[in-house]
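What follows is the residue order along each chain.
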Amino acid sequence: MAKNKKKEVTIKGIIIAVLLVVLVLWYFNHLSNRSSIQRSASQKTEVEALMEYDMAAEYPKTPRDVAKLHNRYFKAFYGQKLADDELDAMNKKVRQLYCTDLLVANPESDSLANLQKDIEAVKEQGYTYKMCELPEASQVQYFTKDGKDMASLEVCITINTGDNLGYFYRQYAMVKENDQWKIYGWTESQLPSGSATTQAAE
């Protein structure tokens, strides 16, 4: 009888130990899954990040940084399927990078309509925005014009054209307004189609 009782105690002990191990494993797995969900929720998509970008608190400090952020928006415009409200929100954000003269020359409603047309044209041409290569900080040219601090720089943009890669260049002109570098205008050249377009303040 004593041996049987010892066996029962031993078996119960093993069962309890196994249950404790299972419980501990379940608990840690639960914590891991919960932290994974929290990480996923905190990791915003690029579109969400651009829509919520805080221009007041995180405005780019240099002409190079302004060009970099501008091209992040353009990559989203031409590389993502955006809902109308997303496109509208992002257009409002990107306009905050423009100088007063450029905003006046391109009212918001017109800029949104032109952007929609450009996106459709890009889709028809069958190419997508791949990446933007920024110049070195030392390659940014600073000068004064009409008493205003200005800057000029060129970025190289790589696009996917089906099976091949294409390249074109965007030449920026920027002006300093209220201690912030704003886009005065830009010129695009060497597009795959051989065309060129210009966007600038009049």
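Report follows, based on the coordinates. (Residues numbered from 1 in each chain as written. Predicted model: local features only at pLDDT ≥ 70, side-chain atom pairs only at ≥ 80, totals over all residues. Heavy atoms only, no water.)

## Describing the overall build of the chain
- If you tally the helices and strands in the chain, you get seven helices and six strands.
- Secondary structure elements of the chain occur, N-terminal to C-terminal, as α-α-α-α-α-α-α-β-β-β-β-β-β.
- With 202 residues in all, the chain has 30% of them scored as buried.
- Carbon and sulfur atoms provide 52% of the accessible area of the chain, an area that totals close to 13,400 Å². (Helix = DSSP H or I, 4+ residues; strand = E, 2+ residues; numbered from the N terminus. Buried < 20%, exposed > 50% of the residue type's maximum accessible area, 1.4 Å probe, protein only. Areas by Shrake-Rupley, 256 points an atom, 1.4 Å probe, with all protein chains shown as cover.)

## Things to note about the nonpolar core
- The biggest cluster of nonpolar side chains holds 41 residues, and the ones touching the most others in it are Tyr73, Phe77, Leu97, Met174 and Ile183.
- Listing elements by their share of this core, those giving two or more residues are helix H2 (46-51), helix H4 (63-79), helix H5 (84-95), helix H7 (108-125), strand E3 (148-161), strand E4 (164-177) and strand E5 (180-189).
- If you tally residues by element for this core, the top one is H4, at eight residues.
- Aside from chain neighbours lying at most four places away, what touches Ile183 is Val66, His70, Leu97, Tyr98, Cys99, Leu102, Tyr172, Ala173 and Met174. (Core = buried A, V, L, I, M, F, W, Y, C linked by side-chain atoms within 4.5 Å. Contact = heavy atoms within 4.5 Å.)

## Overview of the side chain of Thr158
- With respect to the helices and strands, the residue Thr158 is situated in strand E3.
- Not counting chain neighbours up to four residues away, the residues in contact with Thr158 comprise Tyr129, Lys130, Met131, Leu165, Gly166 and Tyr167.

## Here's the deal with the layout of surface pockets
- Considered as a void within the structure, the second largest pocket measures approximately 230 Å³ in volume.
- Considering every element that reaches the lining of the second largest pocket, the biggest residue donor is H4, with six residues.
- Along the lines of polarity and charge, the residues of the lining of the second largest pocket split into five nonpolar, three polar and five charged. (1 Å grid on protein atoms, 1.4 Å probe; cavity = no way out; pocket = protein on both sides within 12 Å on 5 of 7 lines; lining within 4 Å. Points joined across faces, edges and corners; volume = space filled by probe spheres on them. Nonpolar A, V, L, I, M, F, W, Y, C, P; charged D, E, K, R; others polar.)

## Quick word on the environment of Gly79
- Its location among the elements puts Gly79 in helix H4.
- For Gly79, a relative accessible area of 46% translates into the label partly exposed.
- The spacing of Gly79 and Lys123 is 44 residues in sequence and 9.4 Å in space, taken between C-alpha atoms.

## Quick look at the pattern of salt bridges
- Scanning the entire structure with this criterion turns up five salt bridges.
- Across the pair Lys123 and Glu120 runs a salt bridge, and its minimum N-O distance is 3.9 Å. Of this pair, Lys123 and Glu120 both sit in helix H7, three residues apart, which is roughly one turn of that helix.
- Of the residues examined, Lys123 reaches a relative accessible area of 53% and is grouped as exposed.
- The class for Glu120 is partly exposed, based on a relative accessible area of 42%.
- Linked through salt bridges whose partners overlap, the residues forming this network are Asp88, Lys92 and Glu108. (Salt bridge = Lys/Arg side-chain N within 4 Å of Asp/Glu carboxyl O.)

## Considerations on the environment of Leu134
- Its location among the elements puts Leu134 in the loop between strand E1 (128-133) and strand E2 (141-145).
- Sequence separation of Leu134 and Lys68 is 66 residues, and the distance between their C-alpha atoms is 7.2 Å.
- Non-local contacts of Leu134, meaning those with residues more than four positions away in its chain, are made with Arg64, Ala67, Lys68 and Val155.

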